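# Summary of the model geometry
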Amino acid sequence: MKDFKQFIGKNMYFKLNGENSFVGRLVDAGNDVVVIFNGEDFVYISLYHVHNYRVLTDVDSEIQEPNYRPTIQDELPTISLRKIVTAAKGTFCEVYVVGRYPIQGFVKSIMNDYIVFYSPVYKDVYISFRHLKWLIPYNASETPYGLDYVKLSAPVHNQPLSRTLEDQLKKFIGKLVVFNFGDHENKIGRLCSVENGQIEIMKARMSNSYLNINHVQTIHFP
């Protein structure tokens, strides 16, 4: 892809997977991420998941240049997706990975190839870093579902995290697990084994299903 810095200040259209797309004014760019302002929010889009894009010359007056800078970029002279996710740690935000809808909450930890994201709905969600499509920080006055900060606090876990998603998953063998928010019955079951990138689960009717970890986007434990 081109150097997106040449498009800064222009209104652009970005097409991602499925029905997902964004229109906004490009305000910053890195090697693997672009930042657009859609008139209300700053949207951080992973370039890995951009299918196509174009400059919009006919809507220049519709989305104005923002008059403030995203707070998560205050200490970042240059940006990358990892830097943005790290800077967003503890900030309420919306992220999209898989399924019909994004999820809301905050980043708890960033490891080698995954993120631990705390959702008021799903609790701890393990997100494969490569499958993160976009991140939108909340405004300072917003919280997910209008909940207060106390109710949104994540439980403290003292168990250390493994550096990789595969090694972290091995710690939960024997537990019920939901992959990719259960978008298929083969992705819900009891975790039996994790070996060489292959995951074995036992489904509700006691038949086994096998998943390739490279296609695992999210993991949570009900």
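Higher on the page you've got the structure.
Only a predicted model underlies this, so the values are computations on that prediction, with no experimental measurement involved.

### Some points on the overall build of the protein chain
Helix and strand counts for the protein chain stand at three helices and 15 strands. Taking 2.2 N^0.38 as the reference for a compact globule, 222 residues should give roughly 17 Å; the C-alpha atoms of the protein chain span a radius of gyration of 19 Å, in line with that estimate. Taken along the three principal axes of its C-alpha coordinates, the protein chain extends 60 × 40 × 30 Å. For the protein chain, buried positions account for 50% of its 222 residues. Pairs at least 24 apart in sequence give 54% of the contacts found in the protein chain among residues at least 6 apart.

### Side note on the packing of aromatic side chains
Given two aromatic rings, one states the distance between the centres and the angle between the planes to describe the pair. Going through the model one piece at a time under the given rule, you end up with 17 aromatic pairs. Judged by centre distance (5.6 Å) and plane angle (40°), the ring pair of Phe 106 and Tyr 118 falls under tilted. With Phe 106 in strand E7 (residues 103-110) and Tyr 118 in strand E8 (residues 114-119), the pair connects residues that are twelve residues apart, well separated along the chain. The class for Phe 106 is buried, based on a relative accessible area of 13%.

### Let's talk about the layout of surface pockets
Empty space within the second largest pocket amounts to approximately 210 Å³. Along its surface, the second largest pocket is lined by 14 residues, and Pro 70, Thr 71, Pro 137, Tyr 138 and Asn 139 are the ones closest to its centre.

### What about the side chain of Thr 218?
Mapped onto the secondary structure, Thr 218 falls in strand E15 (residues 218-220). One polar contact links the side chain of Thr 218 to the main-chain amide nitrogen of Phe 181, over a distance of 3.4 Å. Not counting chain neighbours up to four residues away, the residues in contact with Thr 218 comprise Val 97, Val 98, Val 125, Tyr 126, Ile 127, Val 178, Phe 179, Asn 180 and Phe 181.

### Brief notes about the pairing of strand E6 (residues 92-96)
The buried fraction of E6 is high, at five of five residues. Residues Phe 92, Glu 94 and Tyr 96 point to one face of E6 and Cys 93 and Val 95 to the other, with burial holding for every one of them. Of the strand pairs in this sheet, E6 and E7 are connected by four bridges, and their pairing is antiparallel. Looking at E7, one finds that Glu 94 is bridged to Gln 104.

### Details of the pattern of salt bridges
All told, the structure shown has five salt bridges when counted by the stated rule. Its salt-bridge partner being Glu 65, residue Arg 25 comes within 3.7 Å of it at the nearest N-O pair. One end of the pair, Arg 25, is in strand E2 (residues 21-29); the other, Glu 65, is in the loop between strand E5 (52-55) and helix H1 (81-87), with 40 residues separating them in the sequence. The partly exposed category is assigned to Glu 65, whose relative accessible area is 43%. Between Lys 187 and Asp 183 there is a salt bridge whose closest N-O contact spans 3.2 Å.

Each value, and the rule that gives it
Residues numbered from 1 in each chain as written. Predicted model: local features only at pLDDT ≥ 70, side-chain atom pairs only at ≥ 80, totals over all residues. Heavy atoms only, no water. Helix = DSSP H or I, 4+ residues; strand = E, 2+ residues; numbered from the N terminus. Rg over C-alpha atoms; globule rule 2.2 N^0.38 Å. Buried < 20%, exposed > 50% of the residue type's maximum accessible area, 1.4 Å probe, protein only. Contact = heavy atoms within 4.5 Å. Phe/Tyr/Trp six-rings, centres within 6.5 Å; stacked < 30°, edge-to-face > 60°. 1 Å grid on protein atoms, 1.4 Å probe; cavity = no way out; pocket = protein on both sides within 12 Å on 5 of 7 lines; lining within 4 Å. Points joined across faces, edges and corners; volume = space filled by probe spheres on them. Polar contact = N/O pair within 3.5 Å; in protein donor to acceptor, adjacent residues only side chain to side chain. Pairing = 2+ DSSP bridges. Salt bridge = Lys/Arg side-chain N within 4 Å of Asp/Glu carboxyl O.

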